[in-house]
Amino acid sequence: MTLAERMYLPAIAQGLGITIKHFFKKKATINYPEETRQRSDIWRGLHVLKRDENGAERCTACGLCAVACPAEAITMTAGERKKGEEHLYREEKYAVTYEVNMLRCIFCGLCEEACPKAAIFLQDDKIAPARYERDEFIYGKDRLVEPLKTTETK
(Lines give C-alpha, C1' and ligand atoms only; values in the text may rest on other atoms or scores of the structure.)
Protein backbone atom coordinates (compact mmCIF):
# COMPACT_ATOMS: atom_id res chain seq x y z
CA MET A 1 0.00 0.00 0.00
CA THR A 2 1.19 3.47 -0.75
CA LEU A 3 1.37 6.20 1.85
CA ALA A 4 -1.83 7.80 0.51
CA GLU A 5 -3.70 4.49 0.72
CA ARG A 6 -2.48 3.92 4.26
CA MET A 7 -3.79 7.36 5.26
CA TYR A 8 -7.17 6.50 3.63
CA LEU A 9 -6.95 9.54 1.31
CA PRO A 10 -8.63 7.83 -1.68
CA ALA A 11 -11.45 6.57 0.55
CA ILE A 12 -11.94 10.01 2.10
CA ALA A 13 -11.99 11.67 -1.34
CA GLN A 14 -14.52 9.09 -2.58
CA GLY A 15 -16.75 9.68 0.47
CA LEU A 16 -16.59 13.46 0.03
CA GLY A 17 -17.51 13.04 -3.63
CA ILE A 18 -20.61 11.06 -2.71
CA THR A 19 -21.56 13.66 -0.10
CA ILE A 20 -21.17 16.56 -2.55
CA LYS A 21 -23.22 14.66 -5.15
CA HIS A 22 -26.10 14.35 -2.64
CA PHE A 23 -26.12 18.10 -2.03
CA PHE A 24 -27.30 18.70 -5.58
CA LYS A 25 -29.95 15.95 -5.74
CA LYS A 26 -33.68 16.69 -5.46
CA LYS A 27 -34.82 16.56 -1.85
CA ALA A 28 -36.92 13.56 -0.82
CA THR A 29 -38.70 15.38 2.02
CA ILE A 30 -41.82 17.48 1.68
CA ASN A 31 -43.54 20.04 3.91
CA TYR A 32 -46.28 17.63 4.94
CA PRO A 33 -49.24 19.62 6.15
CA GLU A 34 -48.99 22.05 3.25
CA GLU A 35 -47.90 19.52 0.61
CA THR A 36 -49.06 15.94 0.19
CA ARG A 37 -47.55 13.15 -1.85
CA GLN A 38 -49.42 11.60 -4.74
CA ARG A 39 -50.86 8.28 -3.63
CA SER A 40 -51.17 5.06 -5.57
CA ASP A 41 -54.52 4.04 -7.01
CA ILE A 42 -54.61 0.98 -4.73
CA TRP A 43 -53.64 2.87 -1.55
CA ARG A 44 -55.73 2.03 1.54
CA GLY A 45 -56.35 4.48 4.37
CA LEU A 46 -58.52 4.72 7.44
CA HIS A 47 -61.35 2.28 8.12
CA VAL A 48 -64.99 3.30 8.06
CA LEU A 49 -68.10 1.30 8.95
CA LYS A 50 -70.67 2.04 6.25
CA ARG A 51 -74.40 2.62 6.56
CA ASP A 52 -77.05 1.51 4.11
CA GLU A 53 -79.31 3.81 2.10
CA ASN A 54 -81.75 4.07 5.04
CA GLY A 55 -79.03 5.11 7.50
CA ALA A 56 -78.84 1.79 9.35
CA GLU A 57 -75.48 0.22 10.17
CA ARG A 58 -74.55 -2.55 7.75
CA CYS A 59 -72.36 -4.55 10.16
CA THR A 60 -74.04 -7.70 11.46
CA ALA A 61 -71.14 -8.72 13.72
CA CYS A 62 -70.52 -11.94 11.79
CA GLY A 63 -66.82 -11.75 12.68
CA LEU A 64 -65.47 -12.60 9.23
CA CYS A 65 -63.41 -9.41 9.13
CA ALA A 66 -61.79 -10.26 12.46
CA VAL A 67 -61.02 -13.79 11.29
CA ALA A 68 -59.56 -12.54 7.99
CA CYS A 69 -57.32 -9.95 9.68
CA PRO A 70 -53.75 -11.33 9.72
CA ALA A 71 -52.66 -8.83 12.38
CA GLU A 72 -55.64 -9.61 14.66
CA ALA A 73 -56.38 -5.89 14.88
CA ILE A 74 -60.19 -6.15 14.83
CA THR A 75 -62.29 -7.06 17.86
CA MET A 76 -66.05 -6.93 18.22
CA THR A 77 -68.86 -7.89 20.54
CA ALA A 78 -72.18 -8.99 19.07
CA GLY A 79 -75.55 -8.14 20.50
CA GLU A 80 -79.22 -8.56 19.61
CA ARG A 81 -81.34 -5.68 18.40
CA LYS A 82 -84.00 -4.58 20.86
CA LYS A 83 -87.53 -3.57 20.02
CA GLY A 84 -87.64 -0.04 18.63
CA GLU A 85 -84.09 -0.15 17.22
CA GLU A 86 -85.13 -1.37 13.77
CA HIS A 87 -84.10 1.91 12.15
CA LEU A 88 -80.58 1.73 13.66
CA TYR A 89 -79.50 -1.77 12.60
CA ARG A 90 -80.25 -3.83 9.47
CA GLU A 91 -80.38 -7.30 11.02
CA GLU A 92 -81.36 -8.74 14.39
CA LYS A 93 -77.69 -9.12 15.29
CA TYR A 94 -75.36 -6.10 15.36
CA ALA A 95 -71.95 -5.08 16.68
CA VAL A 96 -72.31 -3.61 20.17
CA THR A 97 -68.60 -2.79 20.19
CA TYR A 98 -66.34 -2.74 17.16
CA GLU A 99 -62.69 -1.79 17.59
CA VAL A 100 -59.76 -1.57 15.21
CA ASN A 101 -56.30 -1.28 16.75
CA MET A 102 -54.51 1.01 14.28
CA LEU A 103 -51.12 0.15 15.79
CA ARG A 104 -51.58 -3.49 14.79
CA CYS A 105 -53.41 -2.91 11.49
CA ILE A 106 -51.29 -3.39 8.38
CA PHE A 107 -53.93 -1.87 6.05
CA CYS A 108 -54.00 -4.98 3.86
CA GLY A 109 -57.70 -4.73 3.00
CA LEU A 110 -58.54 -8.37 3.79
CA CYS A 111 -61.25 -7.24 6.21
CA GLU A 112 -62.89 -5.29 3.40
CA GLU A 113 -62.80 -8.31 1.10
CA ALA A 114 -64.13 -10.72 3.76
CA CYS A 115 -67.20 -8.68 4.71
CA PRO A 116 -70.34 -10.13 3.09
CA LYS A 117 -72.40 -6.99 3.83
CA ALA A 118 -69.82 -4.46 2.50
CA ALA A 119 -69.88 -2.86 5.94
CA ILE A 120 -66.18 -2.10 6.40
CA PHE A 121 -64.34 0.01 3.90
CA LEU A 122 -60.81 1.41 3.76
CA GLN A 123 -60.97 5.03 2.63
CA ASP A 124 -58.59 6.20 -0.04
CA ASP A 125 -58.42 9.82 1.08
CA LYS A 126 -57.66 9.73 4.82
CA ILE A 127 -54.47 8.87 6.69
CA ALA A 128 -54.35 7.80 10.33
CA PRO A 129 -53.38 10.96 12.21
CA ALA A 130 -50.39 11.11 14.53
CA ARG A 131 -51.21 10.75 18.21
CA TYR A 132 -49.28 10.82 21.48
CA GLU A 133 -51.04 8.10 23.48
CA ARG A 134 -51.36 4.43 22.58
CA ASP A 135 -55.03 4.21 23.60
CA GLU A 136 -55.90 6.91 21.04
CA PHE A 137 -55.01 4.43 18.28
CA ILE A 138 -57.82 2.04 19.21
CA TYR A 139 -60.71 3.23 17.06
CA GLY A 140 -64.17 2.35 18.36
CA LYS A 141 -67.56 2.73 16.73
CA ASP A 142 -67.55 6.43 17.68
CA ARG A 143 -64.73 7.04 15.17
CA LEU A 144 -65.46 4.27 12.67
CA VAL A 145 -69.17 4.52 11.89
CA GLU A 146 -70.00 6.71 8.94
CA PRO A 147 -71.93 9.82 10.05
CA LEU A 148 -75.60 10.02 9.17
CA LYS A 149 -76.33 11.92 5.99
CA THR A 150 -78.56 14.89 6.66
CA THR A 151 -80.84 16.09 3.89
CA GLU A 152 -81.35 19.81 3.70
CA THR A 153 -84.81 20.99 2.70
CA LYS A 154 -85.32 24.45 1.28
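Residues numbered from 1 in each chain as written. Predicted model: local features only at pLDDT ≥ 70, side-chain atom pairs only at ≥ 80, totals over all residues. Heavy atoms only, no water.

Engineer: Just to check I follow, could you spell out the UniProt feature "binding site: [4Fe-4S] cluster 1" (unreviewed entry) in the protein chain for this structure?
Structural biologist: The positions that UniProt labels "binding site: [4Fe-4S] cluster 1" (unreviewed entry) are, in the present scheme, Cys59, Cys62, Cys65 and Cys115. For the annotated residues, spread through 57 residues, the largest C-alpha to C-alpha distance comes to 10.2 Å, consistent with a single compact locus. Summarising the element assignment, Cys59 is placed in the loop between strand E1 (47-49) and helix H3 (64-68). Using a relative accessible area of 11% as the deciding quantity, one classes Cys59 as buried. Along the chain, Cys115 turns up in the loop between helix H4 (110-114) and strand E4 (120-122). Residue class for Cys115 comes out buried when judged on its relative accessible area of 17%. (UniProt positions renumbered as here; feature names shortened; annotations may be inferred. Helix = DSSP H or I, 4+ residues; strand = E, 2+ residues; numbered from the N terminus. Buried < 20%, exposed > 50% of the residue type's maximum accessible area, 1.4 Å probe, protein only.)

Engineer: Looking at this structure, I do not really get the sheet that holds strand E2 (residues 74-80). What am I missing?
Structural biologist: In a beta sheet, neighbouring strands are held together by backbone hydrogen bonds and run either parallel or antiparallel to one another. Spatial strand order, E2-E3-E5: three strands in an open sheet with antiparallel pairing. At either end of the open sheet lies a strand with only one pairing partner, and these are E2 and strand E5 (138-139). Two elements, E2 and strand E3 (residues 93-101), share seven bridges in a ladder whose sense is antiparallel. Looking at the pairing, Gly79 lines up with Tyr94 of E3. (Pairing = 2+ DSSP bridges.)

Engineer: Sorry, what's going on with the side chain of Gln123 here?
Structural biologist: Looking at where Gln123 falls in the secondary structure, it is placed in the loop between E4 and E5. Residue classification places Gln123 among the buried residues on the basis of a relative accessible area of 14%. Sequence-distant contacts of Gln123, that is, excluding residues within four places in its chain, are made with Trp43, Arg44, Gly45, Leu46, His47 and Val48. (Contact = heavy atoms within 4.5 Å.)

Engineer: Sorry, what's going on with the UniProt feature "binding site: [4Fe-4S] cluster 2" (unreviewed entry) in the protein chain here?
Structural biologist: UniProt's feature table lists "binding site: [4Fe-4S] cluster 2" (unreviewed entry) at Cys69, Cys105, Cys108 and Cys111, given in the numbering used throughout. In three dimensions, the annotated residues from a span of 43 residues occupy one location, with a maximal C-alpha spread of 10.4 Å. Locating Cys108 in the fold gives a position in the loop between E3 and H4. A relative accessible area of 24% means that Cys108 is categorised as partly exposed. Considering the arrangement of structural elements, one finds Cys111 in helix H4. Ignoring anything within four residues of it in the chain, the contact list for Cys111 reads His47, Cys65, Ile74, Ile120 and Leu122.

Engineer: Got a minute to help me understand the pattern of salt bridges in this structure?
Structural biologist: When the charged atoms of two side chains lie near each other, side chains of opposite charge can form a pair. In this structure the tally under the stated criterion is three salt bridges. One salt bridge connects Glu91 with Lys117, and the closest N-O pair in it is separated by 3.5 Å. Linking Glu91 in the loop between E2 and E3 with Lys117 in the loop between H4 and E4, this pair joins segments that are 26 residues apart in sequence. Overall, the relative accessible area of 30% leaves Lys117 in the partly exposed class. (Salt bridge = Lys/Arg side-chain N within 4 Å of Asp/Glu carboxyl O.)

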